[in-house]
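Summary of structural features
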Amino acid sequence: MAKIKISVPDELVKKYDLHNDDDFKITARNGEIRLKKKNHDSNKRQFNVIWILIASILTSIAFWIFINAMHLHQVPLVGTNSIASGLIVFGGLSGMILFSAYFISNRKKITVAYSAKTFWRTFPVIVISFVLILSLALMGIAWGLSRLFTGITFGHVVAMMLFFVFVTAINYIMVRIGLAVNYGMLTTIMILVITSGAVMSMASNGRNWWQHNLSFLGTKHANNSWQFNLTLVFSSLLMVALVDYIFVSLRAVVKNTWRTITLRIILTVTALDVGAVGLFPNNANFHVLHDKVAGYLVYLIIILIIGIRWLLPEVGKRFLALSYGMCVGLVVIDLMFKPLHIISLTAFELIAFILAFGWILILFDTMIGIVEDEDDKYNVKIEIDEQVKKNAD
């Protein structure tokens, strides 16, 4: 084998805990060469499986106690006091514990690049958000199963077997996510929270919810309105966590001036305003306040789109062109709604929300890209054995 010596900066040595005689796997694909440190992944996987099985067994025992306490002779697949409800409660709890444990164990890989304070500030929001995503996903699956297997029930033994299989799958997924999640995934998490909550709210309100407006999903007249409102609240908290992460990271790339401080304040206020829309649903007692906070959200987005050129010039010309295109689009649909009455209120709210929220996500990705582009710039020196050079010639 050819002997190659690679000299890396001290920052990389500290960041990835490198030592002499470390073993690496090397892959070459599409003109890229990647080095991956061997870290006994097989042993870690075995260790993970043991904890997953222990958690699944304990959770199944808790579910067994529950169905006996309820004096259930036959356990329904879905509905109240069912396998599905047990998975949402007991499976969600075990998944949250395992996710939290492995996310904390993985924090060293995150806090090398970012401060430990940032990790612990965002930790509760990230954990609760994943539990919310898991709960909404389980509710969606339960809703689908209720349409496929109407009225089906099982004896205790079969019910326990099904519960154990499902909860093991939940625990495995949550462990894998806990080991893989990082701050760069916060935008993805936020998209999952919003889309899963909105889709579940739409599905639970049947086919005619759109005849009212989008805000109807959060009112007392809607079914399970808490899903829609809770989605907005946790999306708001995720946005606050994401803003915190991005601006802590930007300090190493962009000077902390009045511009970045102003941008951080506006983005944080925008995030809180999204949560306020969920906290004050469009009921009779909160109607005026709901309309005000929703209106403020529009003004904040417009201020961000127009002001981003001066508040963060590093975003580049392409992003600015996209921003102005989004702004024109918002003006056009506003004209189509009010003066021209071409589109309905529901269509206007949906399109405006998608455009505005999409622009914010693109802004976050652009800002993360500015940080990551700077993080990836390392000077590496490669020395190849002289005999290898001669053979290559």
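Residues numbered from 1 in each chain as written. Predicted model: local features only at pLDDT ≥ 70, side-chain atom pairs only at ≥ 80, totals over all residues. Heavy atoms only, no water.

**Looking at the packing of aromatic side chains**
Centre distance and the angle of the planes are the two values used to describe a pair of aromatic rings. Definition in use: Aromatic contacts are taken between Phe, Tyr and Trp rings whose centres are within 6.5 Å, Trp giving its six-membered ring; a plane angle under 30 degrees counts as stacked, one over 60 as edge-to-face, and the others as tilted.
The full count for this structure, using the stated rule, is ten aromatic pairs. An aromatic cluster is defined as three or more aromatic residues linked by ring pairs; in this entry it consists of Phe63, Phe66, Phe90 and Phe163.

**A short note on the side chain of asparagine 229**
Test applied: Starting at the N terminus, helices and strands are each numbered in turn, a helix being any DSSP run of H or I of at least four residues and a strand any DSSP run of E of at least two. Residue contacts are defined here by distance: any two heavy atoms, one from each residue, within 4.5 Å place the two residues in contact.
Checked against the element boundaries, asparagine 229 lands in helix α8 (residues 225-250). Dropping the residues within four chain positions of it, asparagine 229 is found in contact with Gly218, Gly278 and Pro281.

**Thoughts on unusual backbone geometry**
Cut-off, in case you're wondering: Note on classification: 1.4 Å probe, protein chains only; a residue is buried when its accessible area is under 20% of the maximum for its type, exposed when over 50%, partly exposed between these limits.
The phi torsion at histidine 71 lies on the positive side, around 60°, for a residue other than glycine. The class for histidine 71 is exposed, based on a relative accessible area of 64%. A positive phi angle, near 55°, is found at asparagine 81, a position not held by glycine. Within the element layout of this structure, asparagine 81 appears in the loop between β4 (75-76) and α3 (83-105). Looking at asparagine 81, the relative accessible area reads 25%, which means it is partly exposed.

**Some thoughts on the environment of phenylalanine 123**
By the secondary structure assignment, phenylalanine 123 is in helix α5 (residues 116-148). Its relative accessible area of 14% is what places phenylalanine 123 among the buried residues. Those residues in contact with phenylalanine 123, other than ones at most four positions away along the chain, are Ser100, Phe103 and Ile104.

**Observations regarding the nonpolar core**
Counted only if it meets this: Here, nonpolar core means buried Ala, Val, Leu, Ile, Met, Phe, Trp, Tyr and Cys residues that are tied together by side-chain atoms lying within 4.5 Å of each other.
Ile83, Met190, Ile246, Leu263, Ile308, Trp359 and Phe364 are the most contacted members of the largest nonpolar core, which has 89 residues in total. If one sorts the elements of this core by residue count, α5 sits on top with 14 residues. Ignoring sequence-local partners within four residues, the contact set of methionine 190 consists of Ser235, Leu238, Met239, Leu242, Phe357, Leu361 and Phe364. Formed by five residues, the second largest nonpolar core is a distinct cluster that contains Ile52, Ala55, Tyr102 and Val175.

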